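Breakdown of the fold
Listed below, chain by chain, are the residues.
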There are 4 protein chains.
Amino acid sequence: MFFSSDNAGPAAPEVLAALAEANEGYAPPYGADDLMTEVRDRLRQIFEAPEAAVYLVGTGTAANSLALACLNPPWATIYCHSHAHVEADECAAPEFFTGGAKLTLIDGPDGKLLPDPLHARLAATMEGFVHSVQRGTITISNLTESGAAYTPAEVAALGAVAREFGVALHMDGARFANAIVGTNASPADMTWRAGVDALSFGGTKNGLMGVEAVLLFDPAKAWEFELRRKRAAHLFSKHRYLSAQMAAYLRDDLWKRLAGQANAAARRLAEGIEAIEGAHLLHPVGGNQVFAAWPRGGHRRAQEAGAYYYLWPMTETMEGPDEEPVSARLVCNWATEAAAVERFLELIRE
Amino acid sequence: MFFSSDNAGPAAPEVLAALAEANEGYAPPYGADDLMTEVRDRLRQIFEAPEAAVYLVGTGTAANSLALACLNPPWATIYCHSHAHVEADECAAPEFFTGGAKLTLIDGPDGKLLPDPLHARLAATMEGFVHSVQRGTITISNLTESGAAYTPAEVAALGAVAREFGVALHMDGARFANAIVGTNASPADMTWRAGVDALSFGGTKNGLMGVEAVLLFDPAKAWEFELRRKRAAHLFSKHRYLSAQMAAYLRDDLWKRLAGQANAAARRLAEGIEAIEGAHLLHPVGGNQVFAAWPRGGHRRAQEAGAYYYLWPMTETMEGPDEEPVSARLVCNWATEAAAVERFLELIRE
Amino acid sequence: MFFSSDNAGPAAPEVLAALAEANEGYAPPYGADDLMTEVRDRLRQIFEAPEAAVYLVGTGTAANSLALACLNPPWATIYCHSHAHVEADECAAPEFFTGGAKLTLIDGPDGKLLPDPLHARLAATMEGFVHSVQRGTITISNLTESGAAYTPAEVAALGAVAREFGVALHMDGARFANAIVGTNASPADMTWRAGVDALSFGGTKNGLMGVEAVLLFDPAKAWEFELRRKRAAHLFSKHRYLSAQMAAYLRDDLWKRLAGQANAAARRLAEGIEAIEGAHLLHPVGGNQVFAAWPRGGHRRAQEAGAYYYLWPMTETMEGPDEEPVSARLVCNWATEAAAVERFLELIRE
Amino acid sequence: MFFSSDNAGPAAPEVLAALAEANEGYAPPYGADDLMTEVRDRLRQIFEAPEAAVYLVGTGTAANSLALACLNPPWATIYCHSHAHVEADECAAPEFFTGGAKLTLIDGPDGKLLPDPLHARLAATMEGFVHSVQRGTITISNLTESGAAYTPAEVAALGAVAREFGVALHMDGARFANAIVGTNASPADMTWRAGVDALSFGGTKNGLMGVEAVLLFDPAKAWEFELRRKRAAHLFSKHRYLSAQMAAYLRDDLWKRLAGQANAAARRLAEGIEAIEGAHLLHPVGGNQVFAAWPRGGHRRAQEAGAYYYLWPMTETMEGPDEEPVSARLVCNWATEAAAVERFLELIRE
């Protein structure tokens, strides 16, 4: 019963097979491998974006930070949700990669930015006033850090704000596959058609070992991205092993199948929890993450039985009466077993 | 006949097997996996350094840059060979990671720094003069970028200079295994006993897919390293897949066996070339790299037969008379086949 | 009637005289001038801090940024008030100078940080959690950006929080003289005795042309400060002209006399406004700044008569009914004339 | 007898008078003062560059670093002379301001870059090769650090190289006035007509207290410059005191008159030294600096009589036989008195 994070789970067998297959003989290094050509072509096809620049890196933080550094000069501020990964979980990586840009934090329900408060913050930024940071890039996470999924229409509403103010829109898609499966939206509708300029397209949390793609829908910054990636030490010499993982991920829509498995497990968890007396969901379940509260007694039984997950926020505590609801985060991944879900639900429902 | 680079070759089968084995079930992310404990213990044992801090990253540039950023404040200059990888092949990554430190370039035979010119440059640096950058870290590559191996005594002579001036000594060991096998030195003698404070311990060029270790022999900067690694986006969530590769590399001295195979192939190449009329080695062959010149006609035949390698320096040209010697770099790896070496030698010897 | 800012006013005649006097013959550059010795000695005496490191720079942003860069590594967050100058008015200079640190914003009345919310934010910072920025420097402004003055006891309460968490405390004293005069506190009580580690000691807003001092009460970082100042281009070659201004400022407590004049003008303004029907102060007047609201009709008359000042916040508007109160900021300086104050009060009171 | 540096001398009386005059009443801060308008207009007129963006800063290092940061991305290398101020005397300020660009050092006689070696280095830079830094800005000093003056034709030859490779050309004109007077060239011919994109126009070494102008002949980067200046803390609030100095400097060609006085003193020094047996000039005297060698006995007598100047390079020593020539740098300024020059010559000639 492992619900602590989707990055604690294993890689898909197709990925291991692809690595083995890619391991024959010699291959040009640094992204000149044939598999990268396949990856690029396939991602352009999936996103209906034949001009998009496509790159691979090893971590989600690298994908986000390099994209933001290309889009946002150091004197402009990045607009993000107060709980965004770029703000809370990257130890100021965006500040490092951009050369000292600021992040402006905006609250919103379920980890989402809403158009009106975003518009207000952009309007309040004193563009043209040299003492203030200038308007910069908007970045959103889909899935959000609260497990919700933006719809294309919701993204488009933010994209309209970006266009109105002439700034870029970046999407942290560490769980993009889960969002696509959860909303049944097309990748193009969810991104560039909605005004997204750059996407961090996650793989690691959804069955890869450690590969993320970056898509720049406008390739004007492609060469800058390559130079920034190199000098940030994120250009892999034996690049074929990144390409192989991503190629396997894209073939036959494996990425969607894996996300579908994770989402289904999360949905079952959510349904099971909602049926428990004294329990409730904290956010809508847009993909593979469930944020919910249920009585402390249920937590106690689950933890004693060896379930792994985080109380959430981390200020929650196991000290207190059994009947009091305690909040937690449960994350499923492609390998989450139905039996584990059922066993967990049994434990927390008593 | 692939002699272009050791990063174009495949990973060792033991590494793939280790990845498959590591792929079972759940593992704590971000370096808390059990395999990392094995790696740390084993490297401390190999280096006879029970206190050393040990970390894994995905690229050699990350290993070098993070180590240098911990050792070198932005107002100090890094001393390196004019051809060092940190100067020539990292697109100013050390400058980025340190926040704008300078590199001071020093020439030396076979890619080596020699104690006297190094001493002179440190003495000439105007320590205490606020207008000048201050004395900073010395970094050397072993193997050097010209394929030579430092002996422990040679390193110790540089370590003595570092101690005299109170600065740190870093070793870029992207091909450390080749140097150890080539010199038959102990890892401890080659590093901390000779005054090395931090080592980039390469794996990628010697049979891994993309893993390098960093050893800080004095662990005082360990936590700073972790924070710098995180904010530079080099902390992998599914860290077990880095650990698994490195663990396999260290088990049963696989790292030495692989380097031994690469070195043997290079030695055979070097011997064969030396026996050719009009050919000569440009540098001593300390490991798996051969820098040599032979008549252009031999190059022509090799290239027509499909051999891959770089003329070196890149200003060399295939235009000119057949008998004129032309310089090149040949790099072997663990998988270089004896037959390919013999075939190549036949071609260039006519 | 100029109440727009204290940096729009002239320099004191004593300062000009000192410049003229300093302009004789030759003087060692870069801070080795005799006048700098006088400045250093005098500031150490004023602050009862014989070990303090003392430096001069040309702008308040330089003073703040250099001090913060010495105290705060890039992976730690700086705690400040949401309206702090370092956050709102320096175009991300702290982010630039620190190499990409984050600022954590905390609200509080009258521009002040209060111990409890500050404690809560430090407690909530996930020290030791590598994904999060770490606990860093607390910086407060005295006077605050809302014109209030911290008392030594209030500062000491924040200093206690800093000590509890082992972080540094910096004071932006762009209007330190006004705060000292306003509270009648001793400089030592207001700073190091209350736990302040570094002070930006302002001069420009209080009668100098462009000189600020930085005091590091613990001189351990003195040399680092000098190197950072140099590489940030803030070390002046003809340093005597900075020294001369600051020396004049400190002689015979000119700094207090000038601040006293500015504070008295502000007090008179505040008293006059409070007596107006429909008017009120927005913050206590701790020094030379008055934040107040009064009926729009009064603004109209003042502006038509040529008064200079800012509506505050800048979202306030002159469009609307005359009787509606509109907020503004009025800043006095040493040269503000009593007659201008009285004339202004007449205008706004009708 | 002060020949140590032109930044040890006093400011011109016209400058002090201008400060006093500017000190009346209120003035808009941050460069919106009327005097700045005069400065901008006058510099555009002097340079026949009606579109040029014009800014003031307090130090030469700020002028250089801000200009370079606007022209040179962090992944491009700056080409400069091995002895350039930006390399040797700014504690890696260009590296700091650019976010970690590299400097490529090129030798040349008398501190000058020559077109052929410059062309060769640009040609050798591996543009388009992601592992290498890319081609960046060329920066030259006029006067050079060896006291020579570039002619417009010499600059134009370098400008042609810049254009051929599509990179920018910056001129560090800390002693631009001396070069203009020394060559009798027009400012336009010396700069933009010769291909210079940005100029640091020095004032401090030539009679100001601490003001330098930056001219961007193409104003496309003007707003970026303003933002970089602000976040580097080089935007002065009481800007009128910078403007006043520069305005006085430009009125009635004071800048040329002051430089003329300094150059004349240097010429007399040079002529006097050349007439001494065993003495010789090390570089042509293009302006106000004399680099020369004469017998140690002469140095001894001068130093005993209280003359201030530097042996040059600093490795020169006063230990040794009297007749041996020892090198030195002598710098004159606008206030250097003819009597001091004659007295000095007497001393060193015996």
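Each remark here, short or long, concerns the structure printed above.
The sections below set out a description of the structure shown in this document. (Residues numbered from 1 in each chain as written. Chains lettered and ligands numbered in written order. Predicted model: local features only at pLDDT ≥ 70, side-chain atom pairs only at ≥ 80, totals over all residues. Heavy atoms only, no water.)

**Comments concerning the sheet that holds strand β1 (residues 53-57) of chain B**
Residue and element names in this part refer to chain B. Within the open sheet, the seven strands sit side by side as β1-β7-β6-β5-β4-β2-β3. Their pairing is mixed. If you trace the sheet from one side to the other, it starts and ends with β1 and β3 (102-106), each paired once. Strand-to-strand twist in this sheet, taken as the mean axis angle between neighbours without regard to direction, amounts to 20°. Helix-sheet contacts for helix α3 (residues 60-71) involve β1, β2 (76-81), β4 (134-141), β5 (169-173), β6 (198-201) and β7 (212-216), and the interaxial angle to β5 is about 175°. Along the sheet face, helix α10 (residues 222-231) touches β1 and β7 and points at about 10° away from the line of β1. (Pairing = 2+ DSSP bridges. Helix = DSSP H or I, 4+ residues; strand = E, 2+ residues; numbered from the N terminus. Axes fitted to C-alpha atoms, helices over the stretch in contact; angles between N-to-C directions. Contact = heavy atoms within 4.5 Å.)

**Examining the relation of the copies chain A and chain D**
Taken together, a rotation about one axis and a shift along it account for how the two chain copies relate. Overlaying chain A with chain D gives an RMSD of 0.0 Å, the required rotation being 180° about an axis along which the chain moves by 0.0 Å. Both chain copies can therefore be described as sitting about a two-fold axis. Across chain A, the smallest distance between a C-alpha and the rotation axis is recorded for Gly99 of chain A, namely 3.1 Å. Of all interface residues in chain A, 100% are interface residues in chain D too; the two copies therefore contact each other through one and the same surface. (Least-squares fit on C-alpha atoms with pLDDT ≥ 70 in both.)

**Details of the interface of chain A and chain B**
How big an interface is tends to be reported as the loss of accessible area on association of its parts. Chain A puts 47 residues into the contact, and the matching count from chain B is 47 residues. Where chain A abuts chain B, roughly 4,100 Å² becomes buried across the two surfaces, and 60% of that area is made up of carbon and sulfur atoms. When residues of chain A are sorted by the area they lose upon contact with chain B, Tyr26, Arg231 and Lys238 of chain A head the list and together hold 21% of the total. Here chain A and chain B share zero salt bridges between them. (Buried area = accessible area lost by both parts, 1.4 Å probe. Salt bridge = Lys/Arg side-chain N within 4 Å of Asp/Glu carboxyl O.)

**Remarks on the side chain of Lys238 of chain D**
Tracing the backbone through its elements, the reader meets Lys238 of chain D in the loop between α10 (222-231) and α11 (240-250). Buried within the structure, Lys238 of chain D lacks any salt-bridge partner; Asp6 of chain C is the closest side chain of opposite charge, at an N-O distance of 8.1 Å. A polar contact of 2.7 Å, which involves the side chain of Lys238 of chain D, links it to the backbone oxygen of Thr204 of chain C. Other than its neighbours up to four places away in sequence, Lys238 of chain D contacts Asp6, Asn7, Gly9, Pro10, Thr204, Gly207, Leu208 and Met209 of chain C. (Buried < 20%, exposed > 50% of the residue type's maximum accessible area, 1.4 Å probe, protein only. Lys, Arg positive; Asp, Glu negative; His and termini not counted. Polar contact = N/O pair within 3.5 Å; in protein donor to acceptor, adjacent residues only side chain to side chain.)

**Some details on the side chain of Asn7 of chain B**
Take Asn7 of chain B: it is sitting in the segment before α1 (13-22). Side-chain polar atoms of Asn7 of chain B contact the side chain of Tyr30 of chain A, separated by 3.4 Å. Side chain to side chain, Asn7 of chain B and Ser5 of chain B meet in a polar contact 3.0 Å long. Setting aside residues no more than four positions away along its own chain, Asn7 of chain B makes contact with Pro29, Tyr30, Ser237 and Lys238 of chain A together with Lys205 of chain B.

**So, the pattern of salt bridges**
One pass over the full model with this rule turns up 56 salt bridges over all chains. Across the salt bridge formed by Arg268 of chain C and Glu342 of chain C, the nearest N and O atoms sit 2.6 Å from each other. Note that Arg268 of chain C is positioned in helix α12 (residues 254-274) and Glu342 of chain C in helix α14 (residues 338-349), a separation of 74 residues in sequence. Judged by relative accessible area, which is 28%, Glu342 of chain C ranks as partly exposed. Ionic contacts of the salt-bridge type, sharing partners, join the residues Glu48, Asp189 and Arg193 of chain A into one network.

**Things to note about the interface of chain A and chain D**
Between chain A and chain D, the residue contacts involve 19 residues of the former and 19 residues of the latter. Summed over both sides, the interface between chain A and chain D buries roughly 1,600 Å², with carbon and sulfur atoms accounting for 70% of that surface. Linking chain A with chain D are zero salt bridges, by the criterion used here. Taken together, the links from chain A to chain D amount to eight residue pairs in polar contact (both at pLDDT 80 or more). With seven residues, helix α10 (residues 222-231) of chain A is the largest single contributor of residues to the side of chain A that touches chain D. The residue inventory of the side of chain A that touches chain D, partitioned by class, reads eight nonpolar, six polar and five charged. (Nonpolar A, V, L, I, M, F, W, Y, C, P; charged D, E, K, R; others polar.)

**Some thoughts on helix α13 (residues 296-304) of chain B**
Side chains of residues three or four places apart in an α-helix project in the same direction, reflecting 3.6 residues per turn. Residue and element names in this part refer to chain B. Taken together, the buried positions of α13 are Arg296, Gly297, Gly298, His299 and Ala302. Considering only its buried residues, α13 is in contact with β9 (289-295), β10 (310-311), β11 (325-331) and α14 (338-349). Where α13 terminates, the next one or two residues include Gly306, which has phi positive at roughly 95°.

**Some thoughts on the packing of aromatic side chains**
The full count for this structure, using the stated rule, is 70 aromatic pairs over all chains. Measuring from ring centre to ring centre gives 6.1 Å for Phe291 of chain A and Trp312 of chain A, while their planes differ by 70°; the resulting arrangement is edge-to-face. Linking Phe291 of chain A in strand β9 (residues 289-295) with Trp312 of chain A in the loop between β10 (310-311) and β11 (325-331), this pair joins segments that are 21 residues apart in sequence. Given the relative accessible area of 27%, Trp312 of chain A is considered partly exposed. Ring geometry for Phe47 of chain B and Phe217 of chain B: centres 5.9 Å apart, planes at 50°, overall tilted. Placement of the pair is Phe47 of chain B in the loop between α2 (34-46) and β1 and Phe217 of chain B in the loop between β7 and α10, with a sequence separation of 170 residues. Like Phe47 of chain B, the residue Phe217 of chain B is buried in the burial classification. Put simply, the rings of Phe47, Phe176, Phe201, Phe217, Tyr249 and Trp255 of chain A pair up and form one aromatic cluster. Its end group placed over the ring of Tyr150 of chain A, Lys112 of chain A keeps NZ or CZ at 5.7 Å from the ring centre. Residue placement shows Arg329 of chain C over the ring face of Trp312 of chain C; its charged tip is 4.5 Å from the ring centre. (Phe/Tyr/Trp six-rings, centres within 6.5 Å; stacked < 30°, edge-to-face > 60°. Lys NZ or Arg CZ within 6 Å of the ring centre and 35° of its normal.)

**A short note on the sheet that holds strand β11 (residues 325-331) of chain C**
Residues and elements named next belong to chain C. Ordered by their spatial adjacency, four strands build an open sheet running β8-β9-β11-β10, and the pairing between neighbours is antiparallel. The outermost strands of the open sheet, each flanked by one partner alone, are β8 (280-281) and β10 (310-311). Sheet analysis places β10 next to β11, joined by two bridges and oriented antiparallel. Paired with Leu311 across the strands is Ala328, a residue of β11. Most of the contacts of α12 go to strand β9 (residues 289-295), to which it runs at about 20°, and overall it touches β8, β9 and β11.

The values reported here are purely geometric and, on their own, carry no functional implication.
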